[in-house]
Amino acid sequence: MAAAGVGIAVLLPFVSLVMWSLSSRWFYPQLWPRQWGLRAWQYVFSTAGPQILAALGQSVLVAATTAAISVAIGIPAGRALGLYDFRGKDLVSVVLILPVIVPPLCVTMGLHLWFIIMGLAGSFFGVVLVHLTFCLPYAVFVMWGIFSNYNPSYEEQARSLGASAWKVLVRVILPLTFPGIMVAGLFSFLLSWSQYLSTLIIGGGKVTTLPILLFALMGSGDRPVAAAVSIVFVAPALLALLFSARYLGGKGIAGIR
Amino acid sequence: MGDLELKNITIGYGNTPVIRDFSLTVENGQMASLLGPSGAGKTTVLRAVAGLLQPRSGAIIIDGRPANGLPPEKRNAVMVFQKTLLFPFMNVEQNIGFGLQMQGRSTGEIRRRVEKILELTELTGLNRRKIHELSGGQQQRVSLARALVLKPAILLLDEPLSSLDATLRQHMRELIQDIQAQTRITTLFVTHDQAEALMMSQRVCLLLNGRIRQVGSPRELFYRPADPDVARFFGGCNFFEGRLKNGVYYSQYATVAAPGLSANGDRLTATIRPEDIRICADGNRGITGRVQKTSFEGTTTRIWVQCQDRVFVVLAPVTDLQAGQSVRLHLPPDKIRIFAAEN
Ligand SMILES: Nc1ncnc2c1ncn2[C@@H]1O[C@H](COP(=O)(O)OP(=O)(O)O)[C@@H](O)[C@H]1O
Ligand SMILES: [Mg+2]
């Protein structure tokens, strides 16, 4: 019952989005579109097709790069935080949580000047870097939690059985923490995927991700088109979520200890 | 196969040394037990031999070659941890084949050797089992098989049986002995259980507080402990004092000819094992005492007897003695062990 309730609550906005995208005439107080049509979808796939496709590619590239870097840094950082006690550990958690609690606009504005000085403004890498300030803390926190429930003796056992340090990473550490890596990667990907303000400011219009294009198209006031583009925007994120749903529960992590 | 030689090893965590001046040799093809109470530093020694820990000083020589600078994967010594650290994301076969895979062996060779070791460790047919579908004893055997399959020069077993129940433990002890006798892999077997150490190997090394206190055959350690601490570790509980005069040891409780000891007039401590004391309700031999309490332990009964200013603990098959009863104790001189010098 509860699950069904949550499901309905989550799906309800999508229902109206789909309805919007399929309507050609739908005015206020009417509960149902007056006239159905595929005009919005024709627009998405033909007129604006190349534009949307390019933005989609850009978004995937930015989000995948951000997620990969987040995980690559999150694993060693989380391992150090989870397994060892060192001075300044509390400070690290404060610094990590800062970009999460400070409004993104402030963080981005603060970084903008430095990015201009370093020549990163308006570049792909600049956008990835600003996304990382939001995504990396999540990845580190997730991996920190994973490594707090982790027995490093597995690594020693593997070394004694003849595995080099590199083999231990690939054959032992990664498989043992795989569910956590999936969660950290997914969070980073989705967070980067939905960035608008930071991409707009740092990208300066030169890095056109899907949200940037979406807002531009919505600005024209065409609701059905905006709805169709929104679906295009949400669909890949939803797919990624479904694909990795089995790692989100506790089950996948249970075997580690 | 090869021998293991540890020379004057000192190991520490941070600033405190845990193992001091540790020397031990395990000869090719033999199994030696490293015995000591929890926290004595047994695991620390094994980790140093396996290369997971660098000793501060001293030499580790594996199969005639100094191993101090070698990383763990390059050492011909494999450690089996106390906790069975089987990889949960691999099945039995994959776990056992892990080390061979690291050596870059062919799939065919791995399959053949894994199959052979499965048979040796009584795991035949469990190739595809998931780790969490195995019993505790089976997990322990997989963990052992995973090391055995590599045929290392030195096998280091860290309390491999401590998590098993009594019957299973006995079976596993015999299995390990059989396998060791068959494979002739030089083995250092760590345990905190004195009976286990005595039955497992021809050579026992007792570690107390980070130092070797005695190395020898099981009988030597049991019957001729080097000092009172060793005797105490093996269940010795009767200690008394006496003086040496012209090769004879005199105490209130017994007089013992001690030709081997030369010191004259020294106060020396002596001990006798509780099961070696003869106890009887009457008679005229030995010393008189009064039963304080008794405790039935199955095959034997433990009896506390107050004799003059000392309480003796006696293990005897009799069960009909009552507290308060007056008895006689006889301490056979040939069972009394006199310690050379006061520590
Ligand atoms: N990683 C460590 N850091 C600091 N001290 C340790 C560490 N591991 C063990 N010790 C200490 O070293 C001593 C010996 O430990 P250990 O070798 O595990 O003993 P055993 O295996 O005989 O029970 C203990 O006092 C223990 O507290
Ligand atoms: Mg130990």
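Residues numbered from 1 in each chain as written. Chains lettered and ligands numbered in written order. Predicted model: local features only at pLDDT ≥ 70, side-chain atom pairs only at ≥ 80, totals over all residues. Heavy atoms only, no water.

## Section: the domain arrangement of chain A
Residues and elements named next belong to chain A.
And then number 1: Under the domain assignment used here, chain A contains domain 1 (1–39) and domain 2 (48–247).
And then number 2: For domain 1 versus domain 2, the separation of C-alpha centres amounts to 31 Å.
And then number 3: Facing the 7 residues of domain 1 at the interface are 9 residues of domain 2.
And then number 4: Where domain 1 abuts domain 2, roughly 700 Å² becomes buried across the two surfaces, and 76% of that area is made up of carbon and sulfur atoms.
And then number 5: Considering only the surface of domain 1 that becomes buried against domain 2, Leu17, Trp20 and Arg39 emerge as the three largest contributors, covering 61% of it.
And then number 6: At the boundary of domain 1 with domain 2, the tally comes to 0 salt bridges.
And then number 7: Connecting domain 1 to domain 2 are 0 residue pairs in polar contact (both at pLDDT 80 or more).
And then number 8: No other element matches helix H1 (residues 2–21), which puts 5 residues into the side of domain 1 that touches domain 2.
And then number 9: By residue class, the composition of the side of domain 1 that touches domain 2 is 4 nonpolar, 2 polar and 1 charged. (Domains from an automatic or database assignment. Contact = heavy atoms within 4.5 Å. Buried area = accessible area lost by both parts, 1.4 Å probe. Salt bridge = Lys/Arg side-chain N within 4 Å of Asp/Glu carboxyl O. Polar contact = N/O pair within 3.5 Å; in protein donor to acceptor, adjacent residues only side chain to side chain. Helix = DSSP H or I, 4+ residues; strand = E, 2+ residues; numbered from the N terminus. Nonpolar A, V, L, I, M, F, W, Y, C, P; charged D, E, K, R; others polar.)

## Brief notes about the pairing of strand S19 (residues 326–330) of chain B
Residues and elements named next belong to chain B.
And then number 1: Of all 5 residues in S19, 4 are buried; the element is thus mostly enclosed.
And then number 2: In the sheet, strand S15 (residues 278–280) pairs with S19 via 3 bridges, with the strands oriented antiparallel. Pairing of Cys280 across the sheet is with Arg328, part of S19.
And then number 3: With 4 bridges joining them, strand S16 (residues 287–296) and S19 adopt antiparallel strand pairing. Within the sheet, the bridge partner assigned to Arg290 lies in S19 and is Ser326. (Buried < 20%, exposed > 50% of the residue type's maximum accessible area, 1.4 Å probe, protein only. Pairing = 2+ DSSP bridges.)

## Here's the deal with the sheet that holds S15 of chain B
Residues and elements named next belong to chain B.
And then number 1: Reading across the sheet, the 5 strands line up as S15-S19-S16-S17-S18 and stay open at both edges, with antiparallel pairing between neighbours. This sheet does not close on itself; its edge strands, each paired only once, are S15 and strand S18 (310–316). This sheet shows a mean twist of 40° between the axes of neighbouring strands, independent of strand direction.
And then number 2: Inspection of the sheet shows S16 paired to strand S17 (residues 301–307) by 6 bridges, in the antiparallel sense. Note on S17: the bridge partner recorded for Ser295 is Arg302. (Axes fitted to C-alpha atoms, helices over the stretch in contact; angles between N-to-C directions.)

## Some words on the site of ligand 1
Residue and element names in this part refer to chain B.
And then number 1: By nearness alone, every residue bordering ligand 1 is listed as Tyr13, Val18, Pro37, Ser38, Gly39, Ala40, Gly41, Lys42, Thr43 and Thr44.
And then number 2: Notes on ligand 1: free accessible area 560 Å², of which the protein chains cover 54%.
And then number 3: Grouping the amino acids of the shell around ligand 1 by side-chain chemistry returns 4 nonpolar, 5 polar and 1 charged. (Near = heavy atom within 4 Å. Areas by Shrake-Rupley, 256 points an atom, 1.4 Å probe, with all protein chains shown as cover.)

## So, the sheet that holds strand S4 (residues 57–62) of chain B
Across a sheet, strands are paired by hydrogen bonds formed along the backbone, either parallel or antiparallel in direction.
Residue and element names in this part refer to chain B.
And then number 1: One open sheet accounts for 4 strands, arranged S2-S1-S4-S5; its pairing is antiparallel. The sheet is open, and its two edges are formed by strand S2 (16–26) and strand S5 (65–66), each paired on a single side.
And then number 2: Bridge count for strand S1 (residues 4–13) against S4 is 5 bridges, and the pairing is antiparallel. Within S4, the position partnered with Glu5 by the bridge is Ile61.
And then number 3: Across the sheet, helix H1 (residues 42–50) lies against S1, S2 and S4, angled at about 115° from S1, the strand it touches most.

## Quick notes on the pairing of S4 of chain B
Residues and elements named next belong to chain B.
And then number 1: Judged from the 2 bridges that link them, S4 and S5 form a sheet pairing that is antiparallel. Looking across to S5, one finds that Ile61 is bridged to Pro66.
And then number 2: Between the end of S4 and the start of S5, which pair antiparallel, lie 2 residues, with Asp63 showing a positive phi angle near 55°.

## Notes on the interface of chain A and chain B
And then number 1: Counting from both sides, the interface comprises 20 residues of chain A and, opposite them, 25 residues of chain B.
And then number 2: Between chain A and chain B, roughly 2000 Å² of surface is buried when both sides are summed, and carbon and sulfur atoms account for 62% of that area.
And then number 3: On the chain A side of the interface with chain B, the three residues burying the most area are Gln157, Leu161 and Arg171 of chain A, jointly 34% of the side's total.
And then number 4: For the pair chain A and chain B, the number of links is 2 salt bridges.
And then number 5: One salt bridge in this structure joins Glu73 of chain B and Arg159 of chain A, with 2.8 Å as the shortest N-O distance.

## Observations regarding unusual backbone geometry
Residues and elements named next belong to chain B.
And then number 1: The phi angle at Glu159 is positive, at roughly 40°, despite the residue not being glycine.
And then number 2: Note that Glu159 resides in the loop between strand S7 (154–158) and helix H5 (166–183).
And then number 3: A positive phi angle is found at Asn209, which is not glycine, with a value near 50°.
And then number 4: Here Asn209 shows up in the loop between strand S9 (203–208) and strand S10 (211–216).
And then number 5: Classification of Asn209 by relative accessible area gives exposed; the value is 61%.

## What to know about the domain arrangement of chain B
All names here are of chain B.
And then number 1: One can read the domain layout of chain B as domain 1 (4–230) and domain 2 (236–338).
And then number 2: Each of domain 1 and domain 2 was reduced to a C-alpha centroid, and the two centroids are 39 Å apart.
And then number 3: Counting residues at the interface gives 6 residues for domain 1 and 5 residues for domain 2.
And then number 4: Interface area, domain 1 with domain 2, both sides summed: about 470 Å², of which 59% is carbon and sulfur.
And then number 5: In terms of surface lost to domain 2, no three residues of domain 1 exceed Phe222, Pro225 and Pro228, which account for 69% of the buried area on that side.
And then number 6: Its residues placed into classes, the side of domain 1 that touches domain 2 shows 5 nonpolar, no polar and 1 charged.

## Quick word on the packing of aromatic side chains
All names here are of chain A.
And then number 1: Counting across every chain of the model gives 15 aromatic pairs over all chains.
And then number 2: Ring centres of Tyr138 and Phe187 lie 6.4 Å apart, and the angle between their planes is 75°; this geometry places the pair in the edge-to-face category. Of this pair, Tyr138 sits in helix H6 (residues 124–148) while Phe187 sits in helix H9 (residues 178–193); the two residues are 49 residues apart in sequence, bridging distant segments of the chain.
And then number 3: Centre to centre, the rings of Phe141 and Trp144 are 6.0 Å apart; their planes meet at 5°, and the pair counts as stacked. With a gap of 3 residues between them, Phe141 and Trp144 both fall in helix H6, about one helical turn apart. (Phe/Tyr/Trp six-rings, centres within 6.5 Å; stacked < 30°, edge-to-face > 60°.)

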